[in-house]
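Read off the chains here:
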Amino acid sequence: MTHPFQHVTHTASTRPLLDTLGKVFRTFDDQDSGCTSYGLAAGSGRWFVKTASTPDTVSSLRRAVAVHHAVSHPAIVPLVHTFTTDTGLALVYPWMSGEVLYHPTRSRHGGRTVAGSPMARFRGLALSRVEAALASVLDAHLAVEQAGFVAVDFYDGCLLYDFDSHRMMLCDLDEYRPGPFTVEGERLPGSRRYMAPEEFVRGAVIDARTTVFNLGRALRLLLDAGDEEARWRGSPGRLAVVGRATAPEPESRWPSVRALVEAWGGAQPVGVRGSGRWPQAVIMPGDRSAQSGESR
């Protein structure tokens, strides 16, 4: 893919470089990740440039580079270039049309149920549109699993939906990593709404069954008409698939993303809608974020 960064391997500072290449039309400098990102219009193209300048954020972007080197899928925004700076690292992606379903920042959280918000609009789409979007998410994670990686910090902030073309894309997979691995700290980074119980336990094994839980939570939350998980829009059969995917004990879940996808595809996608309340996510000890300011 041709881009204006072809000959850039290092620059002292990112913003002055961008100003020489084109016009910065968006700046994201309040991200809870600690990274600063830019939307750049250059020539006939637009680019998303994500920068890191601290040891933690640089490590995160290096993980992103490893993910993109190993995983390619039409529903994953591709990494097209990287370059270093005097203080860290920068990653370049094509700018994708659409809206992130949930966009928390260091100074703002919440808003999933606000009328007109991306999440509320997504939940208001025809059921067939929502299920098609989720099929893309599942299929992308088959590629993640095949490459030997597991999901970390996957949540609705990683989902970019174009309401015009009805295309779902995955972005910001910076914490994905080869698996299985063990939790070295107090907990892993992420949204507690999507996280498996083992992600809160030092020394716990994180493997494909953890990704299955994360995906199960995405299916449960995005196929509901609201945040209370009381208005499931899918079929009873698919609700049962989600129930097994989100079992608290890893050994009780689908053993792989492939098994989850096959079970999901084999369950009746439409029919009598569930009317009962589904149990809320397991809320684990250690409710504070492993990242700054998270209440997502």
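Here goes a summary of the coordinates provided. (Residues numbered from 1 in each chain as written. Predicted model: local features only at pLDDT ≥ 70, side-chain atom pairs only at ≥ 80, totals over all residues. Heavy atoms only, no water.)

## Description of unusual backbone geometry
A cis amide bond links G179 with the next residue in sequence, P180, at an omega value of 0 degrees. Position of P180 among the secondary structure elements: in the loop between strand 11 (177–178) and strand 12 (181–182). At H166, a position not held by glycine, the phi torsion is positive, near 55 degrees. Here H166 is to be found in the loop between strand 9 (159–162) and strand 10 (167–170). (Helix = DSSP H or I, 4+ residues; strand = E, 2+ residues; numbered from the N terminus.)

## A few points about the packing of aromatic side chains
Applying the stated criterion across every chain yields a total of 9 aromatic pairs. Taking the centre distance of 6.3 Å and the plane angle of 80 degrees together, the rings of F154 and Y194 count as edge-to-face. In this pair, F154 is assigned in the loop between strand 8 (149–150) and strand 9 and Y194 in the loop between strand 12 and strand 13 (205–206), connecting sequence segments 40 residues apart. Each member of the pair F154 and Y194 is classed as buried. Counting every residue linked through ring pairs, the aromatic cluster contains F25, F28, F48, Y93 and W95. Sitting over the face of the ring of F163, R121 holds its NZ or CZ atom 4.0 Å from the ring centroid. Positioned over the ring face of W254 is R244, at 4.0 Å from the centre of the ring. (Phe/Tyr/Trp six-rings, centres within 6.5 Å; stacked < 30°, edge-to-face > 60°. Buried < 20%, exposed > 50% of the residue type's maximum accessible area, 1.4 Å probe, protein only. Lys NZ or Arg CZ within 6 Å of the ring centre and 35° of its normal.)

## Topic: the side chain of R233
Turning to its location among the elements, R233 is positioned in the loop between helix 5 (208–222) and helix 6 (236–245). Despite being buried, R233 has no salt bridge partner; D224 is the closest side chain of opposite charge, sitting 8.3 Å away. Of the polar contacts made by the side chain of R233, one reaches the backbone oxygen of R123; its length is 2.8 Å. From its side chain, R233 meets the backbone oxygen of L125 in a polar contact 2.8 Å long. (Lys, Arg positive; Asp, Glu negative; His and termini not counted. Salt bridge = Lys/Arg side-chain N within 4 Å of Asp/Glu carboxyl O. Polar contact = N/O pair within 3.5 Å; in protein donor to acceptor, adjacent residues only side chain to side chain.)

## Points about the pairing of strand 4 (residues 45–52)
Put simply, side chains in a regular strand alternate between the two faces of the sheet. Among the 8 residues that make up strand 4, 7 are buried, leaving the element largely enclosed by the rest of the structure. Here 7 bridges tie strand 3 (residues 36–42) to strand 4, and the two strands are oriented antiparallel to one another. Across the sheet, residue L40 finds its bridge partner in strand 4, namely W47. A loop of 2 residues connects strand 3 with strand 4, the two strands running antiparallel in sequence, and G43 in this loop sits at a positive phi of about 65 degrees. Of the strand pairs in this sheet, strand 4 and strand 6 (residues 89–94) are connected by 6 bridges, and their pairing is antiparallel. Residue pairing in the sheet places K50 in a bridge with L91 of strand 6. (Pairing = 2+ DSSP bridges.)

## Considerations on the pairing of strand 9
Neither face of strand 9 is left uncovered, since the one carrying L159 and Y161 and the one carrying L160 and D162 both have all their residues buried. Where strand 7 (residues 99–100) meets strand 9, 2 bridges bridge the pair, whose relative direction is antiparallel. Within strand 9, the residue paired with V100 across the bridge is L160. By the bridge criterion, 4 bridges tie strand 9 to strand 10 in an arrangement that is antiparallel. Each bridged residue has a counterpart across the sheet, and for L159 the counterpart in strand 10 is L170.

## Re the sheet that holds strand 5 (residues 81–85)
In sheet architecture, strand pairing relies on hydrogen bonds along the backbone and comes in two forms, parallel and antiparallel. In space, the 6 strands of this open sheet follow the order 1-5-6-4-3-2, with mixed pairing throughout. The two strands at the open ends of the sheet, each matched to only one other strand, are strand 1 (10–11) and strand 2 (23–28). Strand direction decides the pairing type here: strand 5 and strand 6, joined by 4 bridges, are antiparallel. By the bridge assignment for strand 6, H81 is matched with V92. Each of strand 1, strand 2, strand 3, strand 4, strand 5 and strand 6 touches helix 1 (residues 14–21); the most contacted strand, strand 3, lies at about 15 degrees to it. The strands that helix 2 (residues 55–70) touches are strand 4, strand 5 and strand 6; relative to strand 6, the one it contacts most, it runs at about 45 degrees. (Contact = heavy atoms within 4.5 Å. Axes fitted to C-alpha atoms, helices over the stretch in contact; angles between N-to-C directions.)

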